[in-house]
Each structure stands twice: as structure tokens, then as C-alpha cells.
Amino acid sequence: TLSRRVIATNLLSDVDGTALRLTGQVRSVTPDYRRGRVWVDDLGIELPFIPYRFAREGLERGDLLPAFYIAFNFRGPYADPVRTARPTERTKTSE
């Protein structure tokens, strides 16, 4: 399960290194609002997410989850809201 101390080590990105912004449909939310699952239609996958990172209350099955990045940590991929995930700028240098 995901915890409050989830630290993203990487974000799903395009070939240029730009983090991909996605949305999805909420599949489930636990009664304690600590865990949920979201369907990402663009990728055809279901991912875990932490509901209270997206909204303090009110997310239900069938709702559209606001924009998120797919972040990765030692436990695997998960949906992380755009406002909390912090992609780093890549600087290109010529040699």
C-alpha cells in the first residue's frame, strides 16, 4: 500500500524528458480515503493513488481524477497530482 511518505524517484516522460500529464477515471476509493485505484484510458492501465492528495473529500467511483503524473518509487508506479509532483528541468549541454 502507499503511505504518506511516498517519494517519487522518476516520472513517466516522453522522449524529450518532459513529464506526461494524464487524467483518469476513479475506479475505487477506500472508506478511510487513504487508497484508491484510477483507470488511465490513454495507457490502458489501472494505477494506485492516494485520494487525499487530490481532494480532501468527495472523490467517488466514476469521477474524473484531476491531472496527474505517473510517478515511480520502490513500490512501483502510482498517480501523483501535478501540483505535488515536481519534475526537474533537463538542461541540454553540447560537448
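Quantities reported herein were computed from a predicted structural model and do not represent experimental measurements.

(A) The overall build of the protein chain, seen in detail. Scanning the protein chain from terminus to terminus reveals one helix and six strands. Along the protein chain, helices and strands appear, N-terminal first, in the series β-β-β-β-α-β-β. Looking at the protein chain residue by residue over its 95 residues, the buried ones come to 33%. Long-range contacts, defined as pairs at least 24 residues apart, comprise 53% of the intrachain contacts of the protein chain with a sequence gap of at least 6.

(B) Local environment of the pattern of salt bridges. Counted by the stated rule, this structure contains three salt bridges. Across the salt bridge formed by Arg27 and Glu46, the nearest N and O atoms sit 3.1 Å from each other. Of this pair, Arg27 sits in strand β2 (residues 22–29) while Glu46 sits in strand β4 (residues 45–49), placing them 19 residues apart in sequence. On the basis of relative accessible area, Arg27 is assigned to the partly exposed category, the value being 30%.

(C) Seen up close, the pairing of strand β5 (residues 64–73). Of the strand pairs in this sheet, strand β1 (residues 10–11) and β5 are connected by two bridges, and their pairing is antiparallel. Bridged to Asn10 within β5 is Phe72. Here three bridges tie β2 to β5, and the two strands are oriented antiparallel to one another. Bridging across to β5, Gly24 finds its partner in Leu65. Note: β5 against strand β6 (residues 76–81), six bridges, orientation antiparallel. Bridge pairing links Phe68 to Pro81 in β6. The loop that links β5 with its antiparallel partner β6 comprises two residues.

(D) Highlighting the confidence of the model for the protein chain. Model confidence for the protein chain is summarised by a mean pLDDT of 84, while 81% of its residues fall at 70 or above. Counting interchain partners and residues more than four positions distant, the pLDDT-below-50 stretch residues 90–95 has two contacts.

(E) Focus on the environment of Arg35. Within the secondary structure, Arg35 is located in the loop between β2 and β3 (36–40). Judged by relative accessible area, which is 35%, Arg35 ranks as partly exposed. Separated by 17 residues in sequence, Arg35 and Tyr52 place their C-alpha atoms 8.5 Å apart.

(F) Representation of the packing of aromatic side chains in the model. If you walk through the whole model with that rule in mind, you get two aromatic pairs. Seen from their ring centres, Phe49 and Phe54 are 5.5 Å apart, and the 85° between their planes marks the pair as edge-to-face. Judged by centre distance (6.4 Å) and plane angle (85°), the ring pair of Phe54 and Phe68 falls under edge-to-face. Remark: Phe68 occurs in strand β5 and Phe54 occurs in helix α1 (residues 51–54); sequence separation between them is 14 residues. Phe68 matches Phe54 in its accessibility class, with the two residues each being buried. Ring pairing ties together the aromatic residues Phe49, Phe54 and Phe68, which thus form one cluster.

Definitions and cut-offs
- Residues numbered from 1 in each chain as written.
- Predicted model: local features only at pLDDT ≥ 70, side-chain atom pairs only at ≥ 80, totals over all residues.
- Heavy atoms only, no water.
- Helix = DSSP H or I, 4+ residues; strand = E, 2+ residues; numbered from the N terminus.
- Buried < 20%, exposed > 50% of the residue type's maximum accessible area, 1.4 Å probe, protein only.
- Contact = heavy atoms within 4.5 Å.
- Salt bridge = Lys/Arg side-chain N within 4 Å of Asp/Glu carboxyl O.
- Pairing = 2+ DSSP bridges.
- pLDDT = per-residue confidence, 0-100.
- Phe/Tyr/Trp six-rings, centres within 6.5 Å; stacked < 30°, edge-to-face > 60°.

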